[in-house]
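Read off the chains here:
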Amino acid sequence: MASALDAGLGEEWLGLTRQQLCARVAERGLPAYRGRQIFQALHGRLVETLDEVRELPKRARAELGAAAALSPLRLDQVFDAADGARRYLFSVRGGHAIETVWIPDGERVTLCLSSQAGCPMRCAFCATATLGLQRNLTASEIVAQVLYVLRDAGRRSGSPRPATVNLVLMGMGEPLLNYDQVLQALRILADPDGLHIVPRRVTLSTVGIAPKIAALGREPDRPRLAVSLTAPTDALRARLMPVNLTYPLADLQQACLDFPRRDGERITFEYVLLDGVNDGEAEARALLRWLSPLRAREAAKVNLIPHNPAPGLPFRPSPPERIARFQSALRAKGLPTYVRRPRGRDIFAACGMLAATSSPSA
Ligand code: SAH
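Cut-offs used in this document
- Residues numbered from 1 in each chain as written.
- Predicted model: local features only at pLDDT ≥ 70, side-chain atom pairs only at ≥ 80, totals over all residues.
- Heavy atoms only, no water.
- Core = buried A, V, L, I, M, F, W, Y, C linked by side-chain atoms within 4.5 Å.
- Buried < 20%, exposed > 50% of the residue type's maximum accessible area, 1.4 Å probe, protein only.
- Helix = DSSP H or I, 4+ residues; strand = E, 2+ residues; numbered from the N terminus.
- Domains from an automatic or database assignment.
- Contact = heavy atoms within 4.5 Å.
- Expected span 1.5 Å × (residues − 1).
- Bend = angle between axes of the 7 residues up to and from the residue.
- Near = heavy atom within 4 Å.
- Polar contact = N/O pair within 3.5 Å; in protein donor to acceptor, adjacent residues only side chain to side chain.
- Areas by Shrake-Rupley, 256 points an atom, 1.4 Å probe, with all protein chains shown as cover.
- Nonpolar A, V, L, I, M, F, W, Y, C, P; charged D, E, K, R; others polar.
- Buried area = accessible area lost by both parts, 1.4 Å probe.
- Salt bridge = Lys/Arg side-chain N within 4 Å of Asp/Glu carboxyl O.

## Considerations on the nonpolar core
Core analysis: the biggest nonpolar cluster contains 102 residues, and Leu111 and Phe269 have the highest contact counts within it. When residues of this core are assigned to their parent elements, the largest contribution, 10 residues, is made by helix α5 (residues 139–157). Here this core gathers at least three residues from each of two domains, domain 1 (11–69) and domain 2 (74–347). If we skip the residues at most four places from it in the chain, phenylalanine 269 touches Val227, Leu229, Cys256, Trp290, Leu291, Leu294, Ala300, Lys301, Val302 and Asn303. Counting residues in each nonpolar core, the second largest holds 12 residues, with Phe79, Val101, Met172 and Ala349 among its members.

## Things to note about helix α11 (residues 281–296)
Between the first and last C-alpha of α11 there are 21 Å, a value that for 16 residues agrees with the 22 Å anticipated at 1.5 Å per step. The largest bend in α11 is about 45 degrees, located at tryptophan 290, with the proline proline 293 one to four residues further on. The complete set of buried residues in α11 reads Ala284, Ala286, Leu287, Leu288, Trp290, Leu291 and Leu294. For α11, the elements touching its buried residues are α10 (249–258), β10 (267–273), β11 (300–306) and α12 (320–332). Residue glutamate 298 follows α11 closely and has a positive phi angle near 50 degrees.

## Observations concerning the site of the ligand
With respect to spatial proximity, 20 residues lie near the ligand, and among them Phe125, Gly173, Ser205, Ser228 and Asn308 are the closest. Taking glycine 173, its main chain carries an N or O atom lying 3.0 Å from a nitrogen atom of the ligand. If the ligand stood free it would expose 530 Å²; the protein chains cover 96% of that surface. Listing elements by their share of the shell around the ligand, those giving two or more residues are β8 (202–206), β10 and β11. For the shell around the ligand, the residue count by class is 10 nonpolar, eight polar and two charged.

## Examining unusual backbone geometry
In this structure, leucine 46 takes a positive phi of about 60 degrees despite not being glycine. Given the relative accessible area of 14%, leucine 46 is considered buried. Despite not being glycine, threonine 230 has its phi angle at roughly 65 degrees, a positive value. By the secondary structure assignment, threonine 230 is in the loop between β9 (224–228) and α8 (234–240). Residue classification places threonine 230 among the buried positions, given a relative accessible area of 1%.

## With respect to helix α3 (residues 33–44)
For an α-helix, the turn length of 3.6 residues means that residues three or four places apart are oriented alike. With 12 residues, α3 should reach 16 Å at 1.5 Å per residue; the first-to-last C-alpha distance of 15 Å fits that figure. Along α3, the residues classified as buried are Arg34, Gly35, Gln37, Ile38, Phe39, Ala41, Leu42 and His43. Looking at the residues trailing α3, positive phi occurs at leucine 46, about 60 degrees.

## Topic: the domain arrangement of the protein chain
The domains assigned to the protein chain are domain 1 (11–69) and domain 2 (74–347). Taken over C-alpha atoms, the centre of domain 1 sits 33 Å from the centre of domain 2. Contacts between the two partners involve 16 residues from domain 1 and, on the opposite side, 16 residues from domain 2. Between domain 1 and domain 2 lies a buried interface of about 1400 Å² when both sides are counted; carbon and sulfur atoms form 53% of it. Per-residue buried area on domain 1 facing domain 2 is highest for Glu12, Leu14 and Leu46; these three make up 38% of the total on that side. Put simply, domain 1 and domain 2 have five salt bridges between them. Those elements that place two or more of their residues in the side of domain 1 that touches domain 2 are α2 (18–27) and α3. The biggest single contributor to the side of domain 1 that touches domain 2 is α3, with six residues. A breakdown of the residues in the side of domain 1 that touches domain 2 according to their chemical character gives six nonpolar, six polar and four charged.

## Notes on the environment of threonine 357
Mapping threonine 357 onto the fold places it in the segment after β12 (337–339). A relative accessible area of 14% means that threonine 357 is categorised as buried. Taking the C-alpha atoms as reference points, threonine 357 and cysteine 119, 238 residues apart in sequence, are found 15 Å from one another.

Shown next, in the form of structure tokens:
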């Protein structure tokens, strides 16, 4: 099944920065500026094959074409939600399934990307966790998700890319456990000769791998940070998110306090509301307490995520009035708190539902 993907993938061209592509082209005896032309075509004009790079002399196209397998993804299925969200189920080399979600919002669109096939984090409320980790994605596979989905959107709408594209690393996987490939992909996507999706339009969401948050803070061009918190005490968090046994809340808090923020920037804390588990007054108070050093610096905001039920998950979503009460408790203390509207629930595309489900309502 994955044979087409297994063939000729040595090059992983889409995972090269413009500079690396120029060097690679030069090694093959072409002038380096050809590398820039190829980069502009692949990432700026979204061409699918080197044959469409008309600036390249025919011979060069043929020579390079033999060496370059351009798409590391194979589309298996697409699902359209009633709210306009679209879920793409792809296979990658090795036959693993990954998913990407297109989330339109007026003139803007948000693309939710996977960073790993499966996920090793075992969060008790997340459907992706049931898959376990299959493997890290390569930079090329991460970049290709964006190229594929934007190309498809262009074909569907007959117009070029949407005015504003935001990226969220909130699909399958824990992006900070695939640090180098994720950052490489973001460098490629930010290049002004390509898609030019700048880091402040990108949000990386993590379960809270404290030392990697520190590393991310040292990057010159880094995405925005979101931390999946979901519980304000160690006992509850360890039960819901086993990562807490390795990086308890104190470590996570220190990493967040040390994270160098740009002007006015806040770290987003995601909090999945589970009925009767973490959505009461006591938890709201504990959350405010845990966030207080960050609140004092205006460094935090909260995104409440109504739990998206999925088969096999032993939790129920909090009823709307409990969600509203939890939100008001936080807002009353001046903490910016939003409720994330679930998108694409009917096609299993919403947060925590990406489990490579191949029917829209399994
Ligand atoms: N591993 C990273 C990236 C995935 S982001 C992380 O966990 O941050 C996916 C987001 O959806 C996380 O905030 C996660 O806590 C949340 N989530 C997981 N399962 C969910 C569910 N069933 N309903 C709603 N949100 C869920």
